[in-house]
Amino acid sequence: MLTCPSCGQENSEGFRFCGACGAALAPARVREVRKTVTVLFSDVTGSTALGERLDPESLRHVMGRYLEEMKDVLERHGGTVEKFIGDAVMAVFGIPTLHEDDALRALRAAWEMRDRLGPLNTELEGDFGVRLEARIGVNTGEVVTGEAASSDRLATGDAVNVASRLEQAAAPGEILLGEQTLELARDAIEVAPAEQLSLKGKADLVAAYRLLNVVEGALAFERLDAPLVGRQEELARVRRAFEQAVSERRCRLVTVLGPPGIGKSRLAGELGANLRGEANILVGRCLPYGEGITYWPLREIFAAAGAEDELEAALAEGAPEEIFWSVRKAFESRAREWPLVLVLEDIHWAEPTLLDLIEHLADWTRNAQLLLLCLARPELLDERTAWASRANAQTLTLEPLAEGEADELIESLLGESQLDEKARLRVAQVAEGNPLFVEQLLAMLVEGGEVDRIPATIQALLASRLDGLPAVERELLERAAVVGVEFEWEVLGELAPDRHRPAGAQLAVLVRKELIRPHEAIDDAFRFRHMLIRDAAYERIPKQLRSELHERVARWLDGKGEEFEEIVGYHLEQAYRSVAELGPPGERVRALAEQAAERLAASGRRAHARADMPAAANLLERATALFAGDAPQRLSLLPSLGRALLEAGQMEQAGSVLAEAVERAQTAGERGLAADAAVSLSYLQIQTSPHEGLYGEVERRVEEAIPVFRELGDEAGLARALGVAGTLRLWRGEAALAIEDLERAARSARDAGDRAQEADSLEYVLVAMVWGPTPVEEAMQRVKELRPRAQGNRRLLVDLLRVQGQLEAMQGRFVAGRDLIAQARALGEEVGLELTLASGVAFQAGYVELLAGDAVAAERELRPACDAMERMGSWGTLASVAPWLVDALLVQGRDQEALRLAERWSAARLAPPEDADAQAGWRRVRAKLLARKGELDEAERIGREATAIASATDFLDLRAQANADFAEVLRLAGRPEESAAAVQEAIRLHEEKGNIAAAALLAHSPASTPAAS
Ligand SMILES: Nc1ncnc2c1ncn2[C@@H]1O[C@H](COP(=O)(O)OP(=O)(O)OP(=O)(O)O)[C@@H](O)[C@H]1O
Ligand SMILES: [Mg+2]
């Protein structure tokens, strides 16, 4: 038979074109797949000694008997005996077809092999006077093998070597198993840890476990019974069917369909509990494999009813019709007296005869209150397309749990255990409403597993589901998986071996099997039902083929528009990554890496320009990772990457990237790049490594860089350099001059088309206007003028909003101020502006609360912001913001805490002496603190320092604040007149600024009314 690659139709050998659709029938190719299988090695110990004692003829007979027995055991458990190497047996579970319980099957086989040796040894001892002892190793892991249909089924992979090593390390009579096998069968076996193994060519030791017992009839892993969530509607429907069966006294057949783990058995269990006292409920399970399993569920049912003899008698009749008749009579007679519910679990594994029997019962049962409740996975319908299409039958498909229900389940399964929010979110996302997946993911996390790992149990379930599909469907899914969770119909043609788009009917089959579904919003596009199904399909594809397919998707998307460039870059990147691990890169592979990097870098720069910092950092990081360490293209990306990391609040990484860029550029003689990186590094250092003389150093570096940029015509570089110079000027306390510098920098940036840099400079223009001599009214005007420039630049918009919020509050409009700041915060969170959020938005929010007289709210804003800046290592800004948190604590009378904070975040340690704002701010709050402790002299000294530093600046509010706080010191020192004068000066300065709210607050402070103290 030849399967048509296009429509799936089976054609006879010798046909060159498909009889159904006319597509060319390619000669059968051997396709390779990657699979996770379980490998078993067994060996007879001491066979050399045996060979010396026995005549070769006898030895041959002894070994023949042994191998015959072992092969029998292995095959009954579904293993494929791959080879005999001398006296050793190697069997694989999962080839040709995977089963979700391959690991447990292998262990059951191993256990039975050992048991079998007893009787065999009795036989051999009698015949030849010898006894055999065996050792066994079992291991699970990924291998490469031929597709199910091909004859090449050799399994190749490290997992095989490890299994063999485990076998060699086992003592005679012992079974050793590996880590993943244990994980997959953990609840059905008992083990003891064995010594770890070293493997040739491997640095890490391999964990090994000794098998102590395999529990009869146990499941590979436990299913839990957290309180039921949801499913009320489904329960009610089954209950109605039951009530009908009772009232009409006729048989009803309900089939519950759904993928593994969705809750079919659980639903049946709940129904059972629900009907207790109203009906007799008997359960029988179909088994995936084994001898004599056809009627196994009936055996369970009759045993539960205490009527084994009755079944034996029926089965003894031989012919199916006779058996069916007797079985029906047995049920009818019971269901006449009292309602009977038969639950038949997992009928997708049922032998056809059993399915016939169920249909027979549904059709022929008369005058009996019988409900047949069948549970099955969707593949049941592959064999029996017309299942349950009779009048007294219905099917019920279990959908994933709703989001809220899944959360409820997570909550109740966690119980006392703790799980951080990120991990919890990840569980909900990955499980997509499948309760079994929720259980397995949580179990893994609670045992300390890594958040992004997928438990082997889930992987085995999904992989076996795919492996059981017909080849055409499986290959279709694999190709779709390369595209992603969502894929267009059209691109599948691009990826097909014959370049033909698959027939719609083929996709419809996959939809029916609940593997994919039509896209909700895009025509002719589909989505995988579950992210994990996509992953499982993807993981099957050999890496070489993955690479080719990714490249084809990239070429298909290429040229469709700029917005696809990132996706093109992703596919080229994957095309490269898939094969990079396979060996030294050839020309094609190197070219892929380069093309991928170009695309990612271009998208990264665009993300930077629209201020999507996490995206920019991510894209640029991936782009740089694709080049060799010393590639010139990589070097040219490093400065942008460093800046993106800085904005995203990853100071340390930003620092090392920029430092590397400076060094490499200098070595390579790239003056422009070296200057660019050096300027950005300086800017970072202002934040992160304050020390005496830093400002001078940075100014020198900027001065050196400016002529280089001029010479090379690098407007963007020039803009950044001017921006840094302006920023420094601002921190020195010269706001008016800084604004001029920064405006110039912003214009240069705009001319250079560098919108990110423009926003950067304008941000500081705004900050300088808020702090400096610009009256509030005028600053407000400027904010409004700048608004159109924020079009398409969310970073600038965040700055405008937050600054405007502060200005509103300064004029006493707190509601409007808070509202604007909230908008800034929402937007900043959206684009991941961590640094701006912590040092800007949160500061503004806290400051507004202080102006509004709500110190508790101010603390709530400022404390997490200070902690975040500390975490990021943004010292300079932390030093400027911390004094306001101290203020918030002082207003609440929490002096001790305030003192501790002032020490922990002292400007002396965090900021260079040139940082006027930080130095004055820290001193003004310390002076207050000391005065309140009664250390009046020291308080006065420091308070004077604060006002002196502040007076040297044109920061009107800072000067006002220093005076106001000094007034407080004087008041406590019992010098009311001087105190009142200082307050008046402070009020005057606030009024000059137009900070009405701050002036009003002072007018009501105790220091302003000498008579009161
Ligand atoms: N609605 C629910 N509320 C709480 N737990 C649930 C719910 N549904 C399922 N579970 C739990 O999820 C796990 C998987 O459910 P269940 O065993 O019923 O799946 P299944 O559909 O029968 O899967 P399979 O096809 O593998 O037999 C069980 O531990 C079960 O207790
Ligand atoms: Mg079940």
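Below is a summary of the structure that appears in this document. Bear in mind that the values here come from a model prediction, so they are computed numbers and not experimental data.

Points about the overall build of the protein
Working step 1: Helices and strands together make up the secondary structure of the protein, namely 44 helices and 17 strands.
Working step 2: Expressed as a percentage of its 1013 residues, the buried residues of the protein come to 56%.
Working step 3: In the protein, of all internal contacts separated by at least 6 residues, the share reaching a separation of at least 24 is 69%.
Working step 4: Separation of charge centres in the protein, based on 117 positive and 166 negative side chains, amounts to 2 Å.

Regarding the site of ligand 1
Working step 1: Near ligand 1 lie 21 residues; those nearest to it are Leu 224, Gly 261, Lys 264, Arg 266 and Glu 439.
Working step 2: Between a nitrogen atom of ligand 1 and a main-chain N or O atom of Val 229, the distance comes to 2.8 Å.
Working step 3: Against a free-state accessible area of 630 Å², the protein chains account for coverage of 97% of ligand 1.
Working step 4: Those elements giving two or more residues to the shell around ligand 1 turn out to be α7 (264-275) and α15 (435-446).
Working step 5: For the shell around ligand 1, the residue count by class is eleven nonpolar, three polar and seven charged.

Some thoughts on the pattern of salt bridges
Working step 1: Scanning the model with the defined rule gives 97 salt bridges in all.
Working step 2: Where Arg 384 meets Glu 359, a salt bridge forms, and the shortest distance between an N and an O atom there is 3.0 Å. In this pair, Arg 384 is assigned in the loop between α12 (380-383) and β14 (393-397) and Glu 359 in helix α11 (residues 352-364), connecting sequence segments 25 residues apart.
Working step 3: Classification of Glu 359 by relative accessible area gives buried; the value is 15%.
Working step 4: Note that Arg 527 is salt-bridged to Glu 520, the shortest N-O span being 3.8 Å.
Working step 5: According to the relative accessible area criterion, Glu 520 is exposed, its value standing at 58%.
Working step 6: Each of Arg 65, Glu 68, Glu 69, Asp 72, Arg 76, Glu 112, Arg 116 and Glu 123 takes part in salt bridges that share partners, so that together they form one network.

Some thoughts on unusual backbone geometry
Of all residues except glycine, most have a negative phi; of all peptide bonds, most are trans.
Working step 1: Following Ile 95, the chain continues into Pro 96 via a peptide bond in cis, with omega recorded as 5°.
Working step 2: Even without glycine at this site, Glu 514 takes up a positive phi of about 60°.
Working step 3: Looking at the element boundaries, Glu 514 is found in the loop between α19 (504-512) and β16 (516-518).
Working step 4: With a phi angle near 55°, Asp 524 is a residue other than glycine that sits in the positive phi range.
Working step 5: Positionally, Asp 524 belongs in the loop between β16 and β17 (525-528).

A short note on the packing of aromatic side chains
Working step 1: Tallied over the full model, the rule gives ten aromatic pairs.
Working step 2: Joined through ring pairs, the aromatic side chains of Trp 771, Phe 843, Tyr 847 and Trp 884 make up one cluster.
Working step 3: Positioned above the aromatic ring of Tyr 538 is the side chain of Arg 534, whose terminal nitrogen or guanidinium carbon lies 4.4 Å from the ring centre.
Working step 4: The positively charged end of Lys 560 is found above the aromatic ring belonging to Trp 556, 4.5 Å away from the centroid.

As for the sheet that holds strand β11 (residues 280-285)
Working step 1: Taken together, five strands build an open sheet; the order of strands is β11-β12-β13-β10-β14 and the sheet is parallel. The open sheet is flanked by β11 and β14, the only strands paired with a single partner. Neighbour-to-neighbour, the strand axes of this sheet turn through a mean angle of 15°, independent of strand direction.
Working step 2: Relative to strand β13 (residues 370-376), strand β12 (residues 340-345) runs parallel, the two being bridged by five bridges.

Concerning the sheet that holds strand β3 (residues 32-44)
Working step 1: The seven strands lie next to each other as β4-β5-β3-β6-β7-β9-β8, forming an open sheet whose pairing is mixed. Of all strands in the sheet, those with a lone pairing partner are β4 (80-85) and β8 (189-197), marking the two edges. The average angle at which neighbouring strand axes cross in this sheet is 30°, direction not considered.
Working step 2: Judged from the 13 bridges that link them, β3 and strand β6 (residues 134-146) form a sheet pairing that is antiparallel. The partner of Phe 41 across the bridge, within β6, is Gly 137.
Working step 3: Each of β3, β5 (88-93), β6, β7 (175-178), β8 and β9 (206-214) is contacted by helix α3 (residues 102-128), which is oriented at about 60° to β9, the strand it contacts most.

Digging into the side chain of Thr 624
Working step 1: Mapped onto the fold, Thr 624 is located in helix α24 (residues 613-625).
Working step 2: Looking at Thr 624, its side chain comes within polar contact range of the main-chain oxygen of Glu 621, at 2.8 Å.
Working step 3: Not counting chain neighbours up to four residues away, the residues in contact with Thr 624 comprise Arg 634, Leu 637, Leu 638 and Leu 641.

Thoughts on the packing of helix α27 (residues 671-688) against helix α29 (residues 715-732)
Working step 1: The geometry of α27 relative to α29 is characterised by a closest axis approach of 9 Å and an angle of 20° between their N-to-C directions. In this view, α27 runs roughly parallel relative to α29, as classed from their interaxial angle. Helix-helix and strand crossings are classified by hand; for α27 and α29 the assignment is left-handed. Contact with α27, carried on its side by Asp 676, Val 679, Ser 680, Tyr 683 and Ile 686, involves Arg 720, Ala 721, Val 724, Thr 727, Leu 728 and Trp 731 of α29 and no other residues of that element.

Some words on helix α26 (residues 651-667)
Working step 1: For α26, built from 17 residues, the straight-helix expectation of 24 Å at 1.5 Å per residue is met to within 8% by its first-to-last C-alpha distance of 24 Å.
Working step 2: Next to the buried residues of α26 lie α25 (632-647), α27, α35 (834-851) and α36 (855-872).
Working step 3: Following α26 by one or two positions, Gly 669 adopts a phi angle in the positive range, close to 70°.

Describing the pairing of β12
Working step 1: In terms of residue burial, β12 counts as a mostly covered element, since six of its six residues are buried.
Working step 2: Burial along β12 is two-sided: the residues Leu 340, Leu 342 and Leu 344 and Val 341, Val 343 and Glu 345 are all buried.
Working step 3: Both β11 and β12 contribute to a ladder of six bridges, which runs parallel. Among the inter-strand pairings, Asn 280 is bridged to a residue of β12, identified as Leu 340.
Working step 4: In this region the chain leaves β12, passes through α11 and returns to the parallel neighbour β13; the handedness of that crossover is right-handed.

As for the pairing of β17
Working step 1: Looking at chain direction, strand β15 (residues 486-488) and β17 are connected through three bridges and run antiparallel. Residue pairing in the sheet places Glu 486 in a bridge with Arg 527 of β17.
Working step 2: Of the pairings in the sheet, the one linking β16 to β17 comprises three bridges and is antiparallel in character. Opposite Pro 518, over in β17, you have Phe 526 as the bridge partner.
Working step 3: Connecting β16 to the antiparallel partner β17 that follows it, the hairpin turn spans six residues, and Asp 524 within it adopts a positive phi of roughly 55°.

What counts and what doesn't
Residues numbered from 1 in each chain as written. Chains lettered and ligands numbered in written order. Predicted model: local features only at pLDDT ≥ 70, side-chain atom pairs only at ≥ 80, totals over all residues. Heavy atoms only, no water. Helix = DSSP H or I, 4+ residues; strand = E, 2+ residues; numbered from the N terminus. Buried < 20%, exposed > 50% of the residue type's maximum accessible area, 1.4 Å probe, protein only. Contact = heavy atoms within 4.5 Å. Lys, Arg positive; Asp, Glu negative; His and termini not counted. Charge placed at Lys NZ, Arg CZ, Asp CG, Glu CD. Near = heavy atom within 4 Å. Polar contact = N/O pair within 3.5 Å; in protein donor to acceptor, adjacent residues only side chain to side chain. Areas by Shrake-Rupley, 256 points an atom, 1.4 Å probe, with all protein chains shown as cover. Nonpolar A, V, L, I, M, F, W, Y, C, P; charged D, E, K, R; others polar. Salt bridge = Lys/Arg side-chain N within 4 Å of Asp/Glu carboxyl O. Phe/Tyr/Trp six-rings, centres within 6.5 Å; stacked < 30°, edge-to-face > 60°. Lys NZ or Arg CZ within 6 Å of the ring centre and 35° of its normal. Pairing = 2+ DSSP bridges. Axes fitted to C-alpha atoms, helices over the stretch in contact; angles between N-to-C directions. Parallel < 35°, antiparallel > 145°, perpendicular 65-115°, else oblique. Left-handed = near helix turned anticlockwise from the far one by under 90°. Expected span 1.5 Å × (residues − 1). Right-handed = clockwise from strand over helix to strand, strands pointing away.

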